[in-house]
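# Coordinate inspection notes
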Amino acid sequence: MKRWVPLSMIEENELAVIEHYSTEELVRYIQRLVAEDFPKLVQLLYRLDISEAKLKETLALQKDTDAGILIAQMIINRLAQKKKSREEFARKNWDGSEEERW
């Protein structure tokens, strides 16, 4: 079982930490942020580039579903997108010099 990381200790490594949470752990973490540190949740969603409009739409359309579950699923989906993008970028066959890649 993973150790719970206190909210006050999560800073730059926050994204790395949540990537290793199970879905249930992530849901509990999000629920905790909603209850105890909403500004930190907003900051996390911003750092993950979660669409505010999509989040509001999802929450409005699924009012009977726990917000922690919905937000956690959006985070999981976004992390998967970012991982896929990094893998595609790494596999891309670059033409030209190493300097042109940057």
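The shown structure was predicted, so the numbers you read here are calculated from the model rather than taken from an experiment.

The next subject is the pattern of salt bridges. The final tally for this structure, using the stated rule, is three salt bridges. Here Arg32 and Glu36 are joined by a salt bridge, their closest N and O atoms 3.5 Å apart. Here Glu36 and Arg32 lie together in helix 2 (residues 23-36), a separation of four residues that amounts to about one turn. Classification of Arg32 by relative accessible area gives partly exposed; the value is 23%. Exposure remark for Glu36: the relative accessible area of 55% places this residue in the exposed category. As a salt-bridge pair, Lys56 and Glu52 come within 3.1 Å of each other at their nearest N and O atoms. Here Glu52 and Lys56 lie together in helix 4 (residues 52-61), a separation of four residues that amounts to about one turn.

Turning next to the nonpolar core. Formed by 20 residues in total, the largest nonpolar core has its most connected members in Ile18, Leu26, Tyr29, Ile30, Leu44, Leu48 and Ile75. Residue assignment for this core shows that the elements contributing at least two residues are helix 1 (14-19), helix 2, helix 3 (38-47) and helix 5 (67-91). For Leu26, the contacting residues outside a window of four places in its chain are Ile18, Tyr21, Ala72, Ile75 and Ile76.

Glancing now at the environment of Glu14. Structurally, Glu14 can be placed in helix 1. Note on Glu14: relative accessible area 1%, which makes it buried. Residues Glu14 and Leu44, spaced 30 residues apart in sequence, show a C-alpha to C-alpha distance of 8.3 Å.

Basis of the calculations
Residues numbered from 1 in each chain as written. Predicted model: local features only at pLDDT ≥ 70, side-chain atom pairs only at ≥ 80, totals over all residues. Heavy atoms only, no water. Salt bridge = Lys/Arg side-chain N within 4 Å of Asp/Glu carboxyl O. Helix = DSSP H or I, 4+ residues; strand = E, 2+ residues; numbered from the N terminus. Buried < 20%, exposed > 50% of the residue type's maximum accessible area, 1.4 Å probe, protein only. Core = buried A, V, L, I, M, F, W, Y, C linked by side-chain atoms within 4.5 Å. Contact = heavy atoms within 4.5 Å.

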